[in-house]
Amino acid sequence: MNYLSDGGIFVVQTLTGLIVLALNLRFLMQVSRANPYNPIAQGLVKATNPLIAPFRGVLPILGRVDLANMMAALVCQAIGIILIMWVATGIAFAPVYLLWSVVAIIASVLNLYFFALLILVISSWLAPYSANPALELVREITEPICAPVRRVIPAVGGLDFSIIVIFIGLSLLENNLLVRPLAAFLNMPRGLVFGF
C-alpha cells in the first residue's frame, strides 16, 4: 500500500508540475510579448486554453497580466497539493494549501527563468545565430529580465556578464529572500511539489 501511495503521489506531482509549468510558460510568453506566431507558442496556447477558459469570463487581462491564466495555475497547483496531502496524510483540505500553492507557483516561475537562461547560455556557445523556434521563444521570454541588467552591465569582449548577475538574483530569491523563507514560514513540506 505504501508503494502504491508513493507512486500515486509521484504521478500527481509530475502531472501537476507539468501543467503548472505550461501555464506559467504561457504567462511568461504573454508578459514578455513573445511572438504569438511561433509554432511552439501556438501549441502551448492551444494546449492550455481548456484550463484557462473557465476563468476567462470572470477574470480580465490587465495590460500584460492575464489573471485567468494565473488563476488556472493556482487552481491546478492547489488541486495537486490537495490530492498529495490527502494521499499522504488523510487531510483533504487546509487553508494553508492555498498559500503553499502560491509559493509553488513562484518557485516554478523562478525555475522557468533559471532553465531558460541556462538554455540561452548554452545556445549562445553552440548555435548563437539559430532561428530555431524554441530558442527564439527562450530569447523572447528572458529578454525582459536581461535587458535592464545589460544596460547596467554591458557585454565585455563579447561576454555577457549580466546573465551571471541574473543567476545570482534568481538564486537569492529562491534560497534566501522569497521562496524557501516563505515555505519555511508556512511549514510547507519539502518535496511536496515538482521541482521544489
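The structure under discussion appears in the preceding block.
Okay, so let's go over this structure. Here the structure is a predicted model, which is why all the values come from computation and not from measurement.

Quick notes on the rules
- Residues numbered from 1 in each chain as written.
- Predicted model: local features only at pLDDT ≥ 70, side-chain atom pairs only at ≥ 80, totals over all residues.
- Heavy atoms only, no water.
- Helix = DSSP H or I, 4+ residues; strand = E, 2+ residues; numbered from the N terminus.
- Expected span 1.5 Å × (residues − 1).
- Polar contact = N/O pair within 3.5 Å; in protein donor to acceptor, adjacent residues only side chain to side chain.
- Buried < 20%, exposed > 50% of the residue type's maximum accessible area, 1.4 Å probe, protein only.
- Bend = angle between axes of the 7 residues up to and from the residue.
- Axes fitted to C-alpha atoms, helices over the stretch in contact; angles between N-to-C directions.
- Parallel < 35°, antiparallel > 145°, perpendicular 65-115°, else oblique.
- Left-handed = near helix turned anticlockwise from the far one by under 90°.
- Contact = heavy atoms within 4.5 Å.
- Nonpolar A, V, L, I, M, F, W, Y, C, P; charged D, E, K, R; others polar.
- Phe/Tyr/Trp six-rings, centres within 6.5 Å; stacked < 30°, edge-to-face > 60°.
- Salt bridge = Lys/Arg side-chain N within 4 Å of Asp/Glu carboxyl O.

### Regarding helix H3 (residues 67–89)
Its 23 residues give H3 an end-to-end C-alpha distance of 32 Å, which sits within 8% of 33 Å, the value for a rise of 1.5 Å per residue. One side-chain oxygen at the N-terminal end of H3 lies 3.2 Å from the backbone nitrogen of alanine 68; it belongs to aspartate 66.

### Brief notes about the environment of alanine 134
Residue placement: alanine 134 occurs in helix H5 (residues 133–152). A relative accessible area of 31% means that alanine 134 is categorised as partly exposed. Alanine 134 sits 22 residues away from leucine 112 along the chain, and the two C-alpha atoms are 14 Å apart.

### A word on helix H2 (residues 39–56)
In the structure, H2 departs most strongly from a straight axis at asparagine 49, where the bend amounts to approximately 55° and where the proline proline 50 lies between one and four residues downstream. Of the residues making up H2, those classed as buried are Ala41, Leu44, Thr48 and Ile52.

### Some words on the packing of H2 against H3
Running from N to C, H2 and H3 point in directions that differ by 110°, and their axes come no closer than 8 Å. In terms of orientation, H2 and H3 fall into the roughly perpendicular class. The crossing of H2 and H3 is right-handed. For the pair H2 and H3, contact is made by Leu51, Ile52, Phe55 and Arg56 and by Ala68, Asn69, Met71, Ala72, Val75 and Cys76, respectively. Within the contact of H2 with H3, the residues separate by chemical class into eight nonpolar, one polar and one charged.

### Points about the packing of aromatic side chains
Scanning the model with the defined rule gives four aromatic pairs in all. Ring plane angle 90° and centroid distance 5.2 Å describe the contact between phenylalanine 114 and phenylalanine 115, whose orientation is recorded as edge-to-face. Judged by its relative accessible area of 32%, phenylalanine 114 falls in the partly exposed class. Of the residues examined, phenylalanine 115 reaches a relative accessible area of 47% and is grouped as partly exposed. In this structure an aromatic cluster arises from ring pairing among Phe93, Tyr97 and Trp100.

### Some words on the packing of H5 against helix H6 (residues 162–177)
Packed helix pairs are specified by the crossing angle of their axes together with the interaxial distance, meaning the distance between the axes. In the contact formed by H5 and H6, the axes pass within 9 Å of each other and the chain directions differ by 120°. If you check the angle between H5 and H6, you find them oblique. With respect to the hand of their crossing, H5 and H6 are arranged in right-handed fashion. Residue-level inspection shows Ile145, Cys146, Val149 and Arg150 of H5 in contact with H6, the latter providing Ser162, Ile163, Val165 and Ile166. A breakdown of the residues in the contact of H5 with H6 according to their chemical character gives six nonpolar, one polar and one charged.

### Points about unusual backbone geometry
Even without a glycine there, the phi angle at arginine 33 is positive, about 55°. With respect to the helices and strands, the residue arginine 33 is situated in the loop between helix H1 (2–32) and H2. The backbone of asparagine 187 shows a phi angle near 55°, a positive value even though the residue is not glycine. Inspection of the secondary structure puts asparagine 187 in the segment after helix H7 (179–185).

### Topic: the pattern of salt bridges
Using the criterion set out here, one finds three salt bridges in the structure. Here aspartate 66 makes a salt bridge to arginine 56, at a shortest N to O gap of 2.8 Å. Within this pair, whereas aspartate 66 is found in strand S2 (residues 65–66), its partner arginine 56 is found in helix H2, the two being separated by 10 residues in sequence. The exposure class assigned to aspartate 66 is buried, which follows from its relative accessible area of 1%. Overall, the relative accessible area of 31% leaves arginine 56 in the partly exposed class. Between arginine 150 and glutamate 143 there is a salt bridge, with its nearest N and O atoms 3.0 Å apart. What makes glutamate 143 partly exposed here is its relative accessible area of 35%.

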